[in-house]
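Analysis of the macromolecular model
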Amino acid sequence: MQESQPQHELTSIARWFTGHGEIASIQPLGNGNVNDTFLVEHGDGVPQRFVMQRINTTVFERPEEVMHNLVQVSQHVERKLSQEPTQPGERLWEMPRVIPLHFSEGHWVEAEGSFWRGISYIGATISVDVVSSLKQAYEVGYGLGMFHQLIADLPSEQLRDTLEGFHITPSYLADYDAVAAQASVPLTTQESHCHQFIADRARWASVLEDAKQAGYLSLRPIHGDPKVNNLMMDAESGKAIALVDLDTVKPGLVHYDIGDCLRSGCNPLGEETRELEAVVFDLERCEAILSGYLETAGQTLSEADHRYLFDAIRLIPFELGLRFFTDHLKGNSYFKADRAGHNLDRALVQFALTASIEAQENEIRELLDQLR
C-alpha cells in the first residue's frame, strides 16, 4: 500500500506538518500491518525527521478519538517529564510527541479520503520480537512500568474508549460460542483439543471482569498493546527509552497490560512457533520483567491489584488463544493468516502457554509474593 502512494502526494501531506521548508526524503518505515508509516526527513541545514502515518480507518473507525487519546497522553507525559528534569547519570525516557499542523489548528489532516498524522521520531533505538536475555526482559518490564507510572495520575475519564470490548474475555467467549455453534464438522484433532481447552476454562474467563464489577479493580489509562516489540531500547546501552504504538491507549485494567507484556515476553519461542511441545512460560524472564515493572510502577498498584496479578498472567494468553481460534473458525476474517491453519496454530501456541502457566501456578504465586 505504501509503494502505491505517489511521491508528490506524500510531499503535499508532509508539508502540513513541516511548512514550506525543503523535504529531503520520504521513505517507508517498518513493516506494520495496520497503518502506513513513513519517515520524513526535512529542513534546511541540519535535517530533521518525523514519522508520518496514514491511520487505517477500517481498524480504527473513529480516528479522531484515537488522536484525542494520543494527544491527551502525550501532553500529560511531556508535562510530567518537563517538571522532573533529568539529572546527570539518570535514565532517559522519551515520549512520542504528536506534531501539530503547520497551516491550521489541530493534529491531523484528512486528504483524499485518508487520515494522516505526524509523530516525533525516536532515533538510535532497537526493538525485538522475542526477548533474548534477562537483561532485555528487565528492560521490557521497566519500560511498561515507566509508562504506567507516568500516566497513573491521568484521569481515565479524559480518554475515549476507542476499542469497545477490547480484553473483555466474556465477550470473546460469547463470540466464540456463537461461531462454534455454526462450525462445520467433522473436527480435526487439534480443533477438538481447542474446543475442550476452552470448555474447561469457560467459567473462569470472567475473573477480571467480575473483580472490576465488584469494585476490586478500577479503570485506568493503559497502553493496550504492550508487546515486547513496542518497547524501544537505546541501540548502544540496551536500556528502555520509549513505549510506542499508542493507538490502543484507552481506559482499561492495568492487568491487561501486565498480562499481555508477560505473555509476549516469557515465551522464548515466540508467537509463531510450531513446536508446541517446546512452548513454555519462562519463570526467569517472568521474574526479570516483573522486577523491572515493579521497580517503576509498584507504588501504583493496590493490594487488590496484586491479588489478581496471577489471574492476569493466566488469562491474557488464554484470551488471545480464544480469539485466534474463533477467527480460525470464522475463516480468518480478523487476524491476517499467511497459510491454511495459521490462526489455529497461533491458538495452540497460546493455549500451550496457558497450560504452562497453570502448571507453574504455585511457583508464579510465590514469585509474585517475593517481589511485592
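In short, a report on the structure. (Residues numbered from 1 in each chain as written. Predicted model: local features only at pLDDT ≥ 70, side-chain atom pairs only at ≥ 80, totals over all residues. Heavy atoms only, no water.)

1. Let's talk about the packing of aromatic side chains
Convention followed: Between rings of Phe, Tyr and Trp, where Trp is taken as its six-membered ring, a pair exists when centres lie within 6.5 Å; planes separated by under 30 degrees are stacked, by over 60 edge-to-face, and by other angles tilted. Labels follow the DSSP assignment, with helices taken as runs of H or I lasting at least four residues and strands as runs of E lasting at least two, numbered in each case from the N terminus. Remark: exposure states derive from per-residue accessible area (1.4 Å probe, protein chains only) relative to the maximum for the residue type, with buried under 20%, exposed over 50%, and partly exposed in between.
For the structure shown, the criterion picks out 12 aromatic pairs. Considering the side-chain rings of Phe38 and Trp116, the 6.2 Å spacing of their centres and the 35° angle between planes classify their relative orientation as tilted. Of the two residues, Phe38 is situated in strand β2 (residues 36-42) and Trp116 in strand β5 (residues 114-120); the sequence distance between them amounts to 78 residues. Each member of the pair Phe38 and Trp116 is classed as buried. Taken together, the aromatic side chains of Phe197, Trp204, Phe318 and Phe351 make up a single cluster linked through ring pairs.

2. A few points about helix α8 (residues 283-297)
Under the convention used in this document: Between the first and last residue of a helix there are one fewer steps than residues, each counted as 1.5 Å, and that sum is the expected span. Under this definition, polar contacts are N or O atom pairs within 3.5 Å; protein pairs additionally need one hydrogen-donor-capable and one acceptor-capable atom, and for neighbouring residues in sequence, both atoms have to be side-chain atoms.
Between the first and last C-alpha of α8 there are 20 Å, a value that for 15 residues agrees with the 21 Å anticipated at 1.5 Å per step. Of all the positions in α8, only Arg285, Cys286, Ala288, Ile289, Leu290, Gly292, Tyr293, Leu294, Thr296 and Ala297 are classed as buried. The N-cap residue of α8 is Asp282: its side-chain oxygen and the backbone nitrogen of Glu284 are 3.1 Å apart.

3. Re the pattern of salt bridges
This is how the line gets drawn: A side-chain nitrogen of Lys or Arg and a carboxyl oxygen of Asp or Glu constitute a salt bridge if their distance falls within 4 Å.
By the definition in use, this model includes 21 salt bridges. The salt bridge involving Asp282 is made with Arg285; its shortest N-O contact spans 3.5 Å. Judged on exposure class, the residue Asp282 and its partner Arg285 are both buried. Connected via shared salt-bridge partners are Arg201, Arg314 and Glu358.

4. Topic: the sheet that holds strand β9 (residues 240-243)
Sheet strands pair by backbone hydrogen bonding; their relative direction is either parallel or antiparallel. Our working rule: DSSP calls a pair of strands paired once it identifies at least 2 bridges connecting them.
Reading across the sheet, the 3 strands line up as β6-β8-β9 and stay open at both edges, with antiparallel pairing between neighbours. Each edge of the open sheet is held by one strand with a lone partner, namely β6 (125-126) and β9. As paired strands, strand β8 (residues 231-234) and β9 are joined by 3 bridges and run antiparallel to one another. The residue bridging Met232 from the neighbouring strand is Ala242, located in β9.

5. Details of the nonpolar core
Selection criterion: Throughout, nonpolar core names a set of buried Ala, Val, Leu, Ile, Met, Phe, Trp, Tyr and Cys residues whose side chains join them through atoms within 4.5 Å. Any two residues whose heavy atoms approach within 4.5 Å at even a single point are treated as in contact.
The biggest cluster of nonpolar side chains holds 90 residues, and the ones touching the most others in it are Val73, Phe147, Ile198, Leu208, Leu262, Phe281 and Phe318. Residue contributions to this core peak at 11 residues, all from helix α10 (residues 309-330). Excluding residues within four positions of it along the chain, Phe318 makes contact with Phe197, Ile198, Arg201, Trp204, Ala205, Phe351 and Thr354.

6. Re the sheet that holds strand β3 (residues 48-54)
Formally: Geometry is summarised by axes, namely lines fitted to C-alpha atoms with helices restricted to the contacting stretch, and by angles between N-to-C directions that run from 0 to 180 degrees.
Taken in spatial order, the 5 strands of this open sheet run β1-β2-β3-β5-β4, and their pairing is antiparallel. With partners counted over all chains shown, the strands left at the sheet margins are β1 (23-28) and β4 (108-111), one partner each. Between one strand axis and the next, the sheet turns by 25° as a mean value, whatever way the strands run. Pairing of β3 with β5 involves 5 bridges; the strand directions are antiparallel. By the bridge assignment, Gln53 is partnered in β5 with Arg117. Across the face of the sheet, helix α1 (residues 7-18) comes into contact with β1, β2, β3, β4 and β5 while running at roughly 115° to β1.

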